[in-house]
Amino acid sequence: MNRWKKSILKSITTAEELSRLFPIDVNSMIQVTKRYPMRITPYYLSLIKAAGDPIWLQCIPDPRELLDDNLKTDPLNESSFSPIPGLIHRYPDRVLLLVSSSCATICRFCLRKYWIGSNNGISLRDLIENALIYIEKNPSIRDVILSGGDPFLLEDEVIEDIIGRLRKIRHIEIIRIGTRTPVTLPERITQSLCKILKRYHPIYINTHFNHPIEITEESKIACLRLADSGIPLGNQTVLLKGINDDPEVMKLLMQKLLTIRVRPYYLHHLDLVKGTSHFRTSIETGLKIISHLRGFTSGLAVPHYVVDLPGGFGKVEILPDDLRREGNTYIFRNYLGEFVKYQDRDP
């Protein structure tokens, strides 16, 4: 058995297992995991230095996830842009294909808390077959993003089958993959996986580092393997209260990413997902961070600060001079040129 598979099998998935390592309230944690599953790889667990630190907050279930925050499980209305199960077609020339409902480590702030660990009533084989038929019949699609869950929790052979079949569709120009395995399961980035990916360029990978602590020798090796395979690497960071909402922390993260050949791409304002309110910051906090980066570090280290507008109105970049505010309502121009109101929630 591959090393990464052994790590998955050894992962922490229950409150009882966690209680043997840390003093926790087992009963309250059980209530959380009944609704939102837990999985923490041995590697990512090893990065925790103390209860409540940035790694702990990202992966340890919290009773606040169960608070009635009046938020939605699908705030981006992805279901209405899903012509078939597992495929989201929001923008004209690209689709998002959810090829997995599993992650190596389940993030407590996840956008798809409703999807992770779910039994979607359709086999992966059928999902892929239906998606490929849809993509082939829609020549306007030139860009396919593999997401989930985490695509790299699939077997090498399955990954190659999906990518290889997409490459046979003439109008597909770009294949992108979103994965957090370099951060939470770096041993997954094997030489054999990289050899497969190298056959199907152009492939782009976005990963998901949120804190400088996550950049270790192991994660560095994983990213360098991908980069040495000719794959451009980007990073999508989520702005999280108590984790990375400090300008100096964010600057160090972005600088360290560049040293492992990962280009900062997006800084995401946290989506309005049910069970995540305790992670929210204000938009002003994000703007302050971006102002702290611009002119104080390399332009390469400055990501786009974006909000994915609820209701499926798309991502917009947040810049100090490009928005209007009315109380706690922000008015953005979306990708169609329409003005859309965004009701922020108090963090």
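These numbers were taken from a predicted model, which means no experiment stands behind them. (Residues numbered from 1 in each chain as written. Predicted model: local features only at pLDDT ≥ 70, side-chain atom pairs only at ≥ 80, totals over all residues. Heavy atoms only, no water.)

## Structural notes on helix H12 (residues 283-293)
Rule in force here: Type-normalised accessible area, obtained with a 1.4 Å probe on protein chains alone, sets the label of each residue: buried when under 20%, exposed when over 50%, and partly exposed for intermediate values. Note on conventions: DSSP H or I runs of at least 4 residues are helices, E runs of at least 2 residues are strands, and numbering of each starts at the N terminus. The arc in question is formed by the directions pointing from the helix axis toward the C-beta atoms. Contact definition: two residues touch when any of their heavy atoms are within 4.5 Å.
Among the residues of H12, Ile283, Gly286, Leu287, Ile289, Ile290 and Leu293 are the ones counted as buried. Viewed along the axis of H12, the buried residues span an arc of 160 degrees, placing them on a single side of the element. On the buried face of H12, the contacting elements are helix H11 (247-259), strand E7 (263-268), strand E8 (304-309), strand E11 (329-333) and strand E12 (339-343). Of the residues trailing H12, Gly295 is marked for its positive phi of about 85 degrees.

## Things to note about the nonpolar core
Burial of nonpolar side chains together is a common tendency in soluble globular proteins. Rule in force here: Throughout, nonpolar core names a set of buried Ala, Val, Leu, Ile, Met, Phe, Trp, Tyr and Cys residues whose side chains join them through atoms within 4.5 Å.
Judged by nonpolar contacts, the single largest core of 92 residues is most densely connected at Leu146 and Leu197. If one sorts the elements of this core by residue count, helix H6 (residues 124-136) sits on top with six residues. The residues touching Leu146, leaving out its near neighbours within four places in the chain, are Leu97, Val99, Pro151, Ile162, Ile163, Leu166, Ile175, Arg176, Ile177 and Gly178. Core analysis: the second largest hydrophobic core is formed by nine residues, Cys103, Ile106, Cys110 and Trp115 among them.

## Structural notes on the environment of Ile290
Position of Ile290 among the secondary structure elements: in helix H12. Here the alpha-carbon distance between Ile290 and Leu267, two residues 23 residues apart in the chain, equals 9.1 Å. Not counting residues up to four positions away in its chain, the partners in contact with Ile290 are Leu267, Pro303 and Tyr305.

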